[in-house]
Amino acid sequence: MKLRDLIQITGIPKQTIHYYLQQGLLPKPRKIGKNLSEYDQRHVDRIRLIKDLQEDYFLPLSVIKKILKKYGREAESRAMLKIRREYFRPLNQLLAGEI
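Cut-offs applied
- Residues numbered from 1 in each chain as written.
- Predicted model: local features only at pLDDT ≥ 70, side-chain atom pairs only at ≥ 80, totals over all residues.
- Heavy atoms only, no water.
- Salt bridge = Lys/Arg side-chain N within 4 Å of Asp/Glu carboxyl O.
- Buried < 20%, exposed > 50% of the residue type's maximum accessible area, 1.4 Å probe, protein only.
- Helix = DSSP H or I, 4+ residues; strand = E, 2+ residues; numbered from the N terminus.
- Arc of directions from axis to C-beta.

Overview of the pattern of salt bridges
Here is step 1 of the chain: By the definition in use, this model includes two salt bridges.
Here is step 2 of the chain: Put simply, arginine 30 and glutamate 38 hold a salt bridge, and the shortest N to O gap is 2.5 Å.
Here is step 3 of the chain: Of the charged contacts in the structure, one is a salt bridge between arginine 42 and aspartate 40, with a shortest N-O distance of 3.2 Å.
Here is step 4 of the chain: The class of arginine 42 is partly exposed, set by a relative accessible area of 43%.
Here is step 5 of the chain: Given a relative accessible area of 31%, aspartate 40 falls into the partly exposed group.

Structure below.
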(Lines give C-alpha, C1' and ligand atoms only; values in the text may rest on other atoms or scores of the structure.)
Protein backbone atom coordinates (compact mmCIF):
# COMPACT_ATOMS: atom_id res chain seq x y z
CA MET A 1 0.00 0.00 0.00
CA LYS A 2 1.09 3.55 -0.57
CA LEU A 3 1.59 6.19 2.09
CA ARG A 4 -1.79 7.77 1.40
CA ASP A 5 -3.44 4.38 2.02
CA LEU A 6 -1.58 4.00 5.31
CA ILE A 7 -2.70 7.48 6.34
CA GLN A 8 -6.31 6.70 5.48
CA ILE A 9 -6.33 3.33 7.30
CA THR A 10 -4.61 4.53 10.48
CA GLY A 11 -5.78 8.14 10.62
CA ILE A 12 -2.21 9.22 11.39
CA PRO A 13 -0.83 12.27 9.57
CA LYS A 14 2.02 11.91 7.08
CA GLN A 15 4.37 13.94 9.26
CA THR A 16 3.78 11.59 12.21
CA ILE A 17 4.46 8.51 10.08
CA HIS A 18 7.70 10.07 8.84
CA TYR A 19 8.64 10.92 12.43
CA TYR A 20 7.96 7.34 13.55
CA LEU A 21 10.17 6.09 10.71
CA GLN A 22 12.98 8.51 11.64
CA GLN A 23 12.79 7.48 15.28
CA GLY A 24 12.89 3.77 14.45
CA LEU A 25 9.39 3.08 15.74
CA LEU A 26 8.29 1.69 12.36
CA PRO A 27 10.12 -0.73 10.10
CA LYS A 28 11.50 0.83 6.94
CA PRO A 29 9.10 0.50 4.01
CA ARG A 30 10.08 -1.23 0.80
CA LYS A 31 11.33 1.27 -1.78
CA ILE A 32 9.63 0.89 -5.17
CA GLY A 33 10.87 4.10 -6.70
CA LYS A 34 12.96 7.16 -6.06
CA ASN A 35 10.21 8.88 -4.07
CA LEU A 36 7.81 5.99 -3.61
CA SER A 37 7.65 3.43 -0.82
CA GLU A 38 5.36 0.50 -0.18
CA TYR A 39 3.89 -0.19 3.25
CA ASP A 40 2.20 -3.36 4.45
CA GLN A 41 0.09 -4.71 7.29
CA ARG A 42 3.10 -4.66 9.65
CA HIS A 43 3.08 -0.88 9.47
CA VAL A 44 -0.65 -0.68 10.19
CA ASP A 45 -0.31 -3.06 13.15
CA ARG A 46 2.71 -1.23 14.56
CA ILE A 47 1.01 2.18 14.31
CA ARG A 48 -2.06 0.80 16.07
CA LEU A 49 0.13 -0.66 18.79
CA ILE A 50 1.92 2.67 19.27
CA LYS A 51 -1.37 4.54 19.47
CA ASP A 52 -2.79 1.97 21.92
CA LEU A 53 0.23 2.32 24.19
CA GLN A 54 -0.02 6.10 24.06
CA GLU A 55 -3.77 6.35 24.56
CA ASP A 56 -4.42 3.45 26.95
CA TYR A 57 -1.25 3.61 29.06
CA PHE A 58 -0.09 7.21 28.50
CA LEU A 59 3.41 6.09 27.58
CA PRO A 60 5.82 8.52 25.92
CA LEU A 61 7.42 7.57 22.60
CA SER A 62 10.80 7.06 24.25
CA VAL A 63 9.38 4.26 26.41
CA ILE A 64 7.38 2.82 23.52
CA LYS A 65 10.56 2.70 21.45
CA LYS A 66 12.31 0.65 24.15
CA ILE A 67 9.36 -1.73 24.37
CA LEU A 68 9.22 -2.14 20.60
CA LYS A 69 12.95 -2.73 20.44
CA LYS A 70 12.65 -5.51 23.01
CA TYR A 71 9.61 -7.16 21.38
CA GLY A 72 9.86 -5.90 17.81
CA ARG A 73 10.72 -9.21 16.18
CA GLU A 74 7.71 -10.98 17.61
CA ALA A 75 4.25 -10.95 16.12
CA GLU A 76 2.46 -7.76 17.18
CA SER A 77 -0.35 -9.51 19.06
CA ARG A 78 2.06 -11.71 21.02
CA ALA A 79 4.22 -8.69 21.77
CA MET A 80 1.22 -6.77 23.07
CA LEU A 81 0.27 -9.62 25.38
CA LYS A 82 3.82 -9.78 26.75
CA ILE A 83 3.89 -6.02 27.23
CA ARG A 84 0.64 -6.07 29.15
CA ARG A 85 1.76 -9.00 31.29
CA GLU A 86 5.24 -7.66 32.10
CA TYR A 87 4.69 -3.92 32.31
CA PHE A 88 1.14 -3.68 33.62
CA ARG A 89 0.34 -6.05 36.42
CA PRO A 90 -3.34 -6.78 36.98
CA LEU A 91 -4.88 -4.58 39.66
CA ASN A 92 -5.70 -7.53 41.93
CA GLN A 93 -1.99 -8.54 42.02
CA LEU A 94 -0.99 -4.99 42.79
CA LEU A 95 -3.52 -4.66 45.58
CA ALA A 96 -2.68 -8.09 47.06
CA GLY A 97 0.96 -7.03 47.37
CA GLU A 98 0.02 -3.76 49.02
CA ILE A 99 -2.31 -5.25 51.66
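Re helix α4 (residues 61-71)
For an α-helix, 3.6 residues make a turn, and residues three or four places apart therefore share a direction.
Here is step 1 of the chain: Along α4, the residues that are buried comprise Ile64, Ile67, Leu68 and Tyr71. Down the axis of α4, the buried set is contained in an arc of 100°. They therefore lie on one face. For α4, exposure combined with an orientation more than 90 degrees from the buried face picks out Lys66, Lys69 and Lys70.

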